[in-house]
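Geometric and topological summary
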Amino acid sequence: MDLVEVLPGRLHMLRFPIGQAYLWCDGEALTLIDAGHAGSAPAIEGAIRSLGLRPERLERVVLTHCHRDHVGAAGELAARWGAEILAHRLDAPAIRGELPVPEPDLLDWELPLYAHGLTVPEAPPTRVDRELEDGDALGFGDGAVAVHAPGHTPGSIGLHLPAHGVLFTGDCIAAIGPVMLGVFNVDRAEAVRSLHRLAALSPSVACFGHGDPLTAGTAAALAAAAAPQH
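Presented here is a report on the structure given in the accompanying data block. Since the structure is predicted, the reported quantities are computational estimates derived from the model, not experimental observations. (Residues numbered from 1 in each chain as written. Predicted model: local features only at pLDDT ≥ 70, side-chain atom pairs only at ≥ 80, totals over all residues. Heavy atoms only, no water.)

**A closer look at the pattern of salt bridges**
Spelled out, the test is: Throughout this description, the term salt bridge denotes a Lys or Arg side-chain nitrogen within 4 Å of a carboxyl oxygen of Asp or Glu. Secondary structure elements are taken from DSSP: a helix is a run of H or I of four residues or more, a strand is a run of E of two residues or more, and numbering for both begins at the N terminus.
Taken as a whole and assessed by the stated rule, the structure comprises 15 salt bridges. Residues D142 and R10 are paired through a salt bridge, measuring 3.6 Å at the closest nitrogen-oxygen approach. Pair noted here: D142 is in the loop between β7 (130–132) and β8 (145–148) and R10 is in the loop between β1 (2–7) and β2 (11–15), with a separation of 132 residues, a long-range link.

This is how it looks when you write it as structure tokens:
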């Protein structure tokens, strides 16, 4: 796992072989956005300690959606350190293992990528302490709010921190090469609408579920991704 500074003293990316998570710091109080794959809790804890921070100050884990590369270590981290797990109401049953993870409607070129993604260990059933709705306050980042962004999964969310100009897009938007609509969508048309909604927030920093964060020219790159394709 690689640890990458995004905003000094505030935000780091934890990059796994497939996917990534983010650590937000409000002083010593910590929030994890997504949680990597199952078995990655020790690496995440090590990364926190390497920053001079304490895992016991992990207050919450916010899951952008129900996929295995985002949920994996959430339950173990929360059980060990008492953190609260937050996810949208529509993805919570899949995260808890009560319903199956919804199957995407794959385009032909996505098939080999999807098969590779399934090499990530399956996430164990994971509790959700708080089920989110669109616009809910998240309790960190000087006013972070959940933005419902369905399409990748029914309960996919973005996390918007207007006070800091930061947007976590989950897998609604990706930056593998150019900024683009994320792959493996349950409902592609709905995912496109969510891309437009997130792009309209015009953040100065965008953090994706896959691909490097953008810290310059961000609003323009998101607007370009949302522009009609000809």
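**Side note on the sheet that holds strand β5 (residues 58–62)**
Put simply, the rule is: Think of it this way: DSSP has to see at least two bridges between two strands before they count as a pair. Fitting a line to C-alpha atoms yields each axis, with helices limited to the stretch in contact; the angle taken between N-to-C directions then spans 0 to 180 degrees.
If you walk across this open sheet you meet the seven strands as β1-β2-β3-β4-β5-β6-β7, and the pairing is mixed. If you trace the sheet from one side to the other, it starts and ends with β1 and β7, each paired once. If you compare each strand with its neighbour and ignore which way they point, the axes differ by 25° on average. Both strand β4 (residues 29–33) and β5 contribute to a ladder of four bridges, which runs parallel. When the bridges of β5 are listed, I33 appears paired with V62.

**Observations concerning helix α3 (residues 74–81)**
For clarity, the threshold we go by: Burial here depends on accessible area, computed with a 1.4 Å probe over protein chains only, as a share of the maximum for the residue type. Under 20% is buried, over 50% is exposed, and the range in between is partly exposed. Directions pointing from the helix axis toward each C-beta atom define the arc. Residue contacts are counted whenever heavy atoms from the two residues lie within 4.5 Å of one another.
Every buried residue of α3 is accounted for by A74, G75, L77 and A78. Buried residues of α3, seen end-on, are gathered within an arc of 165° and therefore sit on one face of the element. Summarising the contacts, the buried residues of α3 are in contact with β4, α1 (41–50), β5, α2 (68–71) and β6 (84–88). Backbone geometry just after α3 places G82 at a positive phi near 80°.

**Here's the deal with the packing of aromatic side chains**
Heads up, the condition is: When the centres of two rings from Phe, Tyr and Trp lie within 6.5 Å, Trp using its six-membered ring, the rings pair. Their planes under 30 degrees apart give stacked, over 60 give edge-to-face, and anything left gives tilted.
Going through the model one piece at a time under the given rule, you end up with two aromatic pairs. With centroids separated by 5.2 Å and ring planes inclined at 75°, the aromatic side chains of Y114 and F184 adopt a geometry described as edge-to-face. Taken together, the positions of Y114 in helix α5 (residues 111–117) and F184 in the loop between β12 (180–181) and α6 (188–199) put the pair 70 residues apart, joining distant regions of the chain.

**So, the nonpolar core**
Heads up, the condition is: Side-chain atoms within 4.5 Å are what join buried Ala, Val, Leu, Ile, Met, Phe, Trp, Tyr and Cys residues into a set we call a nonpolar core.
L23, L32, I44, V61 and L63 are the most contacted members of the largest nonpolar core, which totals 30 residues. The set of elements that each furnish at least two residues to this core consists of β3 (20–26), β4, α1, β5, α3, β6 and α4 (92–95). Top contributing element to this core by residue count: α1, with four residues. If you look at the next biggest cluster of nonpolar residues, it comprises 20 residues, including L11, I33, V62 and F168.

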